[in-house]
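Here's the letter readout for the chains.
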Amino acid sequence: MKVAEKTARTIEEAIEACLVELGAKRNQVCIEVLEEPGKKGLFGLFGTKLAKVRVSYEDDPGVLACNFLKKLTEAMKITADFEVFRREDQIIINITGSDLGILIGRRGDTLEAIQFLTNLAVAKKLSDRSRIIIDVEGYRKRREETLIKLAKRLAEKVKKTGHRIVLEPMSPQERRIIHTALQHEWRITTFSEGEEPHRRVVISPKRNAS
Amino acid sequence: MKEVVEVLAKALVDNPDQVIVAQNTTERTVHLQLTVAPEDMGKVIGKQGKIANAIRTIVKAAAVKDGRRVIVDIDQ
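Summarised in this report is the structure supplied together with it. What you see is a predicted model, and the numbers here were worked out from it, not measured in a lab.

1. Digging into the environment of Ala80 of chain A
Residue and element names in this part refer to chain A.
Phase 1: Here Ala80 is to be found in the loop between helix 2 (61-75) and strand 4 (81-87).
Phase 2: Among the residues examined, Ala80 registers a relative accessible area of 17% and is labelled buried.
Phase 3: In this structure, the C-alpha to C-alpha distance between Ala80 and Ser98, residues 18 residues apart in sequence, is 7.6 Å.
Phase 4: If near-sequence neighbours (up to four positions away) are discounted, Ala80 is found in contact with Thr73, Ile95, Thr96 and Leu100.

2. Structural notes on helix 6 (residues 172-181) of chain A
Residues and elements named next belong to chain A.
Phase 1: Every buried residue belonging to helix 6 is among Glu174, Arg175, Ile177, Ile178 and Ala181, and all of these are buried. Viewed end-on, helix 6 has its buried residues packed into an arc of 150°, placing them on one side of the element.
Phase 2: Here the buried face of helix 6 lies against helix 5 (139-161), strand 7 (165-169), strand 8 (188-193) and strand 9 (200-205).

3. Considering the pairing of strand 3 (residues 51-57) of chain A
All names here are of chain A.
Phase 1: Among the seven residues that make up strand 3, five are buried, leaving the element largely enclosed by the rest of the structure.
Phase 2: Relative to strand 3, strand 2 (residues 30-35) runs antiparallel, the two being bridged by five bridges. Among the inter-strand pairings, Ile31 is bridged to a residue of strand 3, identified as Val55.

4. Quick notes on the interface of chain B and chain A
Phase 1: Taken together, the 18 residues of chain B in the interface contact 18 residues of chain A.
Phase 2: A salt bridge links Lys124 of chain A to Asp14 of chain B; its shortest N-O distance comes to 2.4 Å.
Phase 3: Remark: the boundary between chain B and chain A carries one residue pair in polar contact (both at pLDDT 80 or more).
Phase 4: Elements that contribute at least two residues to the side of chain B that touches chain A include exactly helix 1 (2-12) and helix 3 (50-63) of chain B.
Phase 5: Tallying contributions element by element places helix 3 of chain B first for the side of chain B that touches chain A, with eight residues.
Phase 6: The class makeup of the residues in the side of chain B that touches chain A is 13 nonpolar, one polar and four charged.

So, how was this worked out
Sequence order as written defines residue numbering, which begins from 1 separately in each chain. Chain labels run from A onward and ligand labels from 1 onward, assigned in the order the entries are written. Given that this is a predicted model, residues contribute local features only at a pLDDT of at least 70 and side-chain atom pairs are listed and counted only at 80 or more, while totals for whole chains, interfaces and linings are drawn from all residues. Calculation of side-chain values draws on the structure's entire complement of heavy atoms; hydrogens and water are dropped beforehand. Here a helix means four or more residues in a row that DSSP labels H or I, a strand means two or more in a row labelled E, and each is numbered from the N terminus. Remark: exposure states derive from per-residue accessible area (1.4 Å probe, protein chains only) relative to the maximum for the residue type, with buried under 20%, exposed over 50%, and partly exposed in between. We call two residues in contact whenever any of their non-hydrogen atoms come within 4.5 Å of each other. For this quantity, the arc is that covered by the directions from the helix axis to the C-beta atoms. For two strands to pair, DSSP has to find at least two bridges joining them. By definition, a salt bridge exists where a carboxyl oxygen of Asp or Glu is found within 4 Å of a side-chain nitrogen of Lys or Arg. Pairs of N or O atoms are called polar contacts if they sit within 3.5 Å, as long as, within protein, a hydrogen donor faces a hydrogen acceptor (for residues adjacent in sequence, only side-chain-to-side-chain pairs). Classes in brief: Ala, Val, Leu, Ile, Met, Phe, Trp, Tyr, Cys and Pro nonpolar; Asp, Glu, Lys and Arg charged; the others, Gly included, polar.

Here you go:
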């Protein structure tokens, strides 16, 4: 969190000066008026009280995301804790608690929606973007392992039968897991077809592979 | 349910003080009417309704325990 304090003739001027110092927009900050500007002093000459404000700018995407998720889970009447991890340019938030299945939804639908809106809400408050991944009780990790196993199994089947297999519709992240899992297989190839949100991975034998 | 839509909408718009959610509960359904400032409409709908659908998905999840059907409408 960055904080600036400024004094000026009016509240507006003081806020403006703080925003310039912080390099932030007005809707991204929290403004606190510490001192109201007073009326002109005696004969308009002495003791004019200046306005003083404190402007704070939360610039940590992890903190912003947790604040948003706390409000959301409270509104959903869910008790949850949040663990924040950083990996390269990604921020990973793992939500823990009991009975969190409703945060995941069918095939992770709800989790995708929560992640999408959290990224939007955080991007709105920040000048520079960072990617936020949200997981619930390690669901993504387990799903990733399941998808890799599925990909390997289906790849064997395609090799054996020589027929292509079309998978069920998946999100871009999930499709990427399949493509990556099979990228070193030389007898088969993978690609996606169809339009979002019904885009599917196809595992197909390579044409001139024997 | 109303609070869920409020939290989500307020985090996405430029004018959070103009976010209003009206709730109308009947025996089987909960009808939520979200009103935002005209210039914020795009922020709660998104390209091809992507944001609106995400809001609906989350509200539906919150309503699972309740057992009622939820409808979320967006108004200017």
